[in-house]
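Now for the letters of each chain:
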Amino acid sequence: DQQVKQNSPSLSVQEGRISILNCDYTNSMFDYFLWYKKYPAEGPTFLISISSIKDKNEDGRFTVFLNKSAKHLSLHIVPSQPGDSAVYFCAASAHSGAGSYQLTFGKGTKLSVIP
Amino acid sequence: GAVVSQHPSWVICKSGTSVKIECRSLDFQATTMFWYRQFPKQSLMLMATSNEGSKATYEQGVEKDKFLINHASLTLSTLTVTSAHPEDSSFYICSARGRAGATYEQYFGPGTRLTVT
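Not measured: the values here are computed from a predicted model. (Residues numbered from 1 in each chain as written. Chains lettered and ligands numbered in written order. Predicted model: local features only at pLDDT ≥ 70, side-chain atom pairs only at ≥ 80, totals over all residues. Heavy atoms only, no water.)

### Observations concerning the sheet that holds strand β3 (residues 19-25) of chain B
In a beta sheet, neighbouring strands are held together by backbone hydrogen bonds and run either parallel or antiparallel to one another.
Residues and elements named next belong to chain B.
Then, number 1: On the basis of which strands lie adjacent, the open sheet formed by four strands has the order β1-β3-β8-β7 and antiparallel pairing. The strands lining the two open edges of the sheet, one partner per strand, are β1 (4-7) and β7 (67-73). Pairwise comparison of adjacent strand axes, ignoring direction, gives a mean angle of 15° for this sheet.
Then, number 2: With five bridges connecting them, β7 and strand β8 (residues 76-81) associate as antiparallel partners. Each bridged residue has a counterpart across the sheet, and for leucine 68 the counterpart in β8 is threonine 80. (Pairing = 2+ DSSP bridges. Helix = DSSP H or I, 4+ residues; strand = E, 2+ residues; numbered from the N terminus. Axes fitted to C-alpha atoms, helices over the stretch in contact; angles between N-to-C directions.)

Right under this line is the structure:
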């Protein structure tokens, strides 16, 4: 059972416009959410995160929104740039008793920003 | 800061041989390291979690005798794929979480592409 879902495998956006990547989760124990960006044959790079006590976190062109009641989060990139073209992974974590802070990843959304 | 390296970046080996992949945290002490595996067009699947000086905790379905993990120091973890088979061909990524600072953030290595012929 997939606990973190990214239902759109790909997204194409024109340069300068807004990119919206969506993520849904099923585990109500998740209390921290992260977005990672990944280029082919490279490891993921941390982008932005949000705690469950917040509903919005902004960092430059990147904003993450969290809707706990809907178990939904989204990443907004504005304005989109060609260099943003990559696979974006949504990840979630629950504070376990072991404190290992394991991340559960979605399958990723491939973003293509068209010049 | 928070740089994680992996070596080698790619390796080709023959079926039946063993391969060791190293993961190092270069500028911080990693109390916990994670090993992931990624299949083409798939998500990152957590294989195991290791804490320095203790045995790794393997996820369900991961053979601990096949994927040997050693977290000998606060800056080094190794994954050894023993008696590799073609189905073990994959992209292996490690990540590390430091002693202090953000507790939920993991910093990822660049990955190792393993091809078993």
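### Some details on the sheet that holds strand β6 (residues 56-59) of chain A
Residues and elements named next belong to chain A.
Then, number 1: Spatially, β1-β3-β8-β7-β6 is the arrangement adopted by the five strands of the open sheet, whose pairing is antiparallel. Unpaired on one side and paired on the other, β1 (4-5) and β6 mark the two borders of the sheet.
Then, number 2: In this sheet, strand β3 (residues 19-25) lies alongside β1 in antiparallel orientation, the contact comprising two bridges. Bridge pairing in β3 places valine 4 opposite tyrosine 25.

### A short note on the state of the cysteines
Then, number 1: In total, this model carries two disulfides over all chains according to the counting rule given.
Then, number 2: Residue pairing for A:Cys23: its cysteine sulfur links by disulfide to A:Cys90, the two sulfurs lying 2.0 Å apart. Taking the sign of the S-S torsion, -75° for the link of A:Cys23 and A:Cys90, the bridge is left-handed. Of this pair, A:Cys23 sits in strand β3 while A:Cys90 sits in strand β9 (residues 86-93), and the two are 67 residues apart along the sequence. As far as burial versus exposure is concerned, A:Cys23 and A:Cys90 are alike and both buried.
Then, number 3: Shown here is the disulfide that connects B:Cys23 with B:Cys94, its sulfur atoms set 1.9 Å apart. (Disulfide = S-S within 2.5 Å. Buried < 20%, exposed > 50% of the residue type's maximum accessible area, 1.4 Å probe, protein only.)

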